[in-house]
Amino acid sequence: MNKIRLSKKFNNSHITFFAIAVVLFWIKTYAAYQIEFKLGIDNNLQKFLLFINPLSSALFFFGIALLFKKHTKRVMIIINFLLSFLLYANIAYYRFFNDFITVPVIMQTKTNAGQLGNSALSLMSPLDIFYFSDMIILIVLALTVFKKVTVTNRKAFKIVLLFAITTFLFNLGLAEKDRPQLLTRSFDRNYLVKYLGAYNFTIYDVIQNIKSSSQRALADSSDITDVENYRKANYAAPNPEYFGKAKGMNVIYVSMESFQSFMIDYKMPDGKEVTPFLNSLAHDGNTFYFENFFHQTGQGKTSDAEFLMENSLYPMAQGAVFVNKAQNTFQAAPAILKGYGYNSAVFHGNQKTFWNRNVMYKALGYDQFFDSEYYSMTDENTKNYGMKDKPFFKESMPLLEGLKQPFYSKFISLSNHFPFEMDPQDTDFPAGDYGDPVVNQYFQSANYMDQAFEQFFNDLKADGLYDNTVIVMYGDHYGISENHNEAMAKVLGVDEITPASNAKLQRVPLFIHVPGVKGGIQKQIGGEVDVRPTLLHLLGIDTKDYMEFGSDLLSKDHRNWASFRNGDFVASDVIQIKGKCYSSETGELMENAEACKDTSEKVNTELQMSDEIVYKDLLRFYKPEGYTSINPSDYDYLGPKGSKATKSSTNK
Ligand code: GP9
Ligand code: MN
């Protein structure tokens, strides 16, 4: 009955057909988001964005059909089919991989087809016809109620397009408000889908891939020669006192989220130490504690730190290597160590897609990735991005103990993440009183993290791993940004944070504990790029054939400076900030800017060369002596239920 009334009123308008197509498609897509994807919606704004984001895509794509004078309805149905197909492909893929389809995934269909065929297909159900139901309704309507509708005009298209663009910009504006630099940092596919929708995500992904592959296509093998020569001229030979002292030992890296060096030995006004456990490591004489160690990260934050530490290359000036260059060839520490019998694993209580880790770790040669699926992500256990550090390390122990030895492993902590808010039951440590909630809370979350590390060390001692494992702990990047410098001046008891002291605030702690080797406080200046050669030399592996830019922190030839991603640097006598030269000692501007020139040139050359490697994917033209290349498609991280890797690379 409704149909008849509807037909009388509206069947003279192609716009009505269009409106029905848009609304049905909108509802369907929103339902798919709710039923199929775990997007981690945290607040009302995100709920709203999820609700409106299919609208701009629907308006835009169906709007295209209005351009076709004769076959408007047919084109609209074809467009609906293509979009529905894309949505359904993502749904099927997500059911199995908990991830969205990207261009590289499609390119690798050769390797993925088998998995998709066997597994994703089995997860399809007849009820899935729902995801094509709007198309079926449109076909029926086109053949019945709207049979005679043919007229259309370009004016309608223009209005619709304008409306689509406005909706999209409104959507993007709100998304940027909730998550600044969404498109430039693009840290997680889940986030892009949550904020901009599954269809816009695909468009974004296609554009990114075209950009990336054109740079790559223009490069050839001669481009690596300059880098090779530079490398030979700047290699810092290992220190014989330490070379091979950790040969054959396990390795545990701990990424200490947002942890800065000013916290080491820091005491609250009542005399309480914030990080008593880490302080004890710094002073026990059995651990190397590098107090002039700098983070060198850019927009890729935690992932940039990981990239630096394991590749000894610099991150990109914009975006994240993990996200934008994961298809490159790398010769990362886990892959190198494979040649020495090592088995590798990452532990992180967050979704595996964050920072594109599930793709990038394959390129780095990680055998296993224990992501959020391996942890009990209850409300009580999680905060902010994922697992709180204490349950995270606790639940990681049996997984770690199950690894075949020697292993190379990495633990990425999370609790000390901006905005550093804690659940009341997790801390009784006093907040700071510096007039800035972010800064005040930082002390509590850092204290909690410190306790989690102590618990982890105790567990490692209890199960015997401690005596045969090198432990490297590093602060990944700053936690307190320059925006909080007013409060930071109070924290440090100074009148103001000068440019030079701000540069020094970029220090993050680096601890290296090697069983049986004396350590102590180390004054030499270095950065995250320097850790890989330091570690490999301790393991008795020479690095001269690897294309890397770090210099061994324990080498007698260590260069003693650390660069920032923007070309500034800290050296023993001078600090360059925003291109200006300051004295390290006084923090004053130098009259003679020449004092920075030499190091500045070196820093620029290095950053440029590193960029060449990353942007042009030059390591595909280079094979280090004795190194066996890895193939990312040999790796699967299928989660606790279906992991192939679990069978091949653990004791169990
Ligand atoms: C997320 C964690 C934090 O998985 O690594 O990321 P960050 O925002 O610090 O880069
Ligand atoms: Mn981080």
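Everything discussed here concerns the structure shown above.
Residues numbered from 1 in each chain as written. Chains lettered and ligands numbered in written order. Predicted model: local features only at pLDDT ≥ 70, side-chain atom pairs only at ≥ 80, totals over all residues. Heavy atoms only, no water.

Novice: In this structure, what is going on with the sheet that holds strand S12 (residues 569-571)? I would like to understand it.
Specialist: What holds strands together in a sheet is hydrogen bonding between their backbones, with the strands either parallel or antiparallel. Taken in spatial order, the four strands make up an open sheet running S11-S12-S13-S14, and their pairing is antiparallel. At either end of the open sheet lies a strand with only one pairing partner, and these are strand S11 (561-563) and strand S14 (580-583). Here the average twist between neighbouring strands, direction ignored, is 15°. With three bridges connecting them, S11 and S12 associate as antiparallel partners. What sits directly across from Ser563, in S12, is Phe569. This element, helix H23 (residues 597-616), spans S11, S12 and strand S13 (574-577) of the sheet and lies at about 50° to S11. (Pairing = 2+ DSSP bridges. Helix = DSSP H or I, 4+ residues; strand = E, 2+ residues; numbered from the N terminus. Axes fitted to C-alpha atoms, helices over the stretch in contact; angles between N-to-C directions. Contact = heavy atoms within 4.5 Å.)

Novice: Sorry, what's going on with the coordination of the manganese ion (ligand 2) here?
Specialist: Each pair of donors in an ideal octahedron of six around a metal sits at 90 or 180 degrees, and each pair in an ideal tetrahedron of four sits at 109.5 degrees. Taken together, Glu257 (OE), Glu257 (OE), Thr302 (OG1), Asp476 (OD) and His477 (NE2) make up the protein donors of the manganese ion (ligand 2), found 2.1 to 2.3 Å from the metal. Its six donor atoms give the manganese ion (ligand 2) angles of 57 to 166° at the centre, a pattern that matches the irregular case. (Donors = N, O, S within 2.8 Å, 3.2 Å for Na, K, Ca; no water. Tetrahedral: all angles 85-135°; square planar, octahedral: opposite > 155°, others 65-115°.)

Novice: For this particular structure, what's the right way to read the pairing of strand S2 (residues 287-294)?
Specialist: A regular strand carries its side chains on alternate faces of the sheet. In terms of residue burial, S2 counts as a mostly covered element, since eight of its eight residues are buried. Across four bridges, the pairing between S2 and strand S9 (residues 510-513) is antiparallel. Considered in S9, the bridge of Phe290 is made with Leu510. Pairing between S2 and strand S10 (residues 520-527): six bridges, direction parallel. Bridging from a neighbouring strand, Phe293 pairs with Gly526 of S10. (Buried < 20%, exposed > 50% of the residue type's maximum accessible area, 1.4 Å probe, protein only.)

Novice: Quick question: what am I supposed to make of the sheet that holds S10 here?
Specialist: Pairing is mixed across the open sheet formed by eight strands, whose spatial order is S4-S3-S7-S1-S8-S9-S2-S10. Edge strands, defined here as strands with exactly one partner in the open sheet, are strand S4 (368-370) and S10. Averaged over neighbouring strand pairs, the angle between their axes works out to 15° when direction is ignored. Pairing of strand S1 (residues 250-256) with strand S7 (residues 407-412) involves five bridges; the strand directions are parallel. By the bridge assignment, Val254 is partnered in S7 with Phe411.

Novice: Would you mind going over the environment of Thr166 with me for this structure?
Specialist: Structurally, Thr166 can be placed in helix H8 (residues 154-178). Residue classification places Thr166 among the partly exposed positions, given a relative accessible area of 47%. Distance in space between the C-alpha atoms of Thr166 and Ile78 is 25 Å, their sequence separation being 88 residues.

Novice: Whenever I open this one, the packing of aromatic side chains confuses me. Can you help?
Specialist: The description of an aromatic ring pair uses the distance of the two centres, along with the angle that the planes make with each other. Under the definition given, this model contains 54 aromatic pairs. Ring centres 5.4 Å apart and planes at 65° place the aromatic pair Phe17 and Phe146 in the edge-to-face group. On the criterion of sequence distance, the pair formed by Phe17 in helix H2 (residues 14-36) and Phe146 in the loop between helix H7 (133-143) and H8 is long-range, its members being 129 residues apart. Taken individually, Phe17 and Phe146 each receive the classification buried, so the pair is uniform in this respect. These aromatic residues form a ring-pair network of at least three members: Phe347, Phe370, Tyr374, Tyr375, Phe392, Phe393, Phe411, Phe453 and Phe456. The ring of Tyr478 has Lys301 lying over it, and the distance from NZ or CZ to the ring centre is 5.5 Å. The ring of Tyr546 carries the charged tip of Arg532 above its face, separated from the ring centre by 5.6 Å. (Phe/Tyr/Trp six-rings, centres within 6.5 Å; stacked < 30°, edge-to-face > 60°. Lys NZ or Arg CZ within 6 Å of the ring centre and 35° of its normal.)

Novice: Any chance you could explain unusual backbone geometry here in plain terms?
Specialist: Most peptide bonds are trans, and most residues other than glycine sit at a negative phi. Following Gln405, the chain continues into Pro406 via a peptide bond in cis, with omega recorded as -5°. Note that Pro406 resides in the loop between helix H18 (389-401) and S7. Going from Phe418 to Pro419, the amide bond is cis rather than trans, its omega being 0°. Residue position: Pro419 is located in the loop between S7 and helix H19 (437-462). A positive phi angle is found at Asn560, which is not glycine, with a value near 65°. Its location among the elements puts Asn560 in the loop between helix H22 (531-538) and S11. One non-glycine residue with positive phi stands out, namely Asp617, at about 55°. Inspection of the secondary structure assignment puts Asp617 in the loop between H23 and helix H24 (639-642). The exposure class assigned to Asp617 is buried, which follows from its relative accessible area of 0%.

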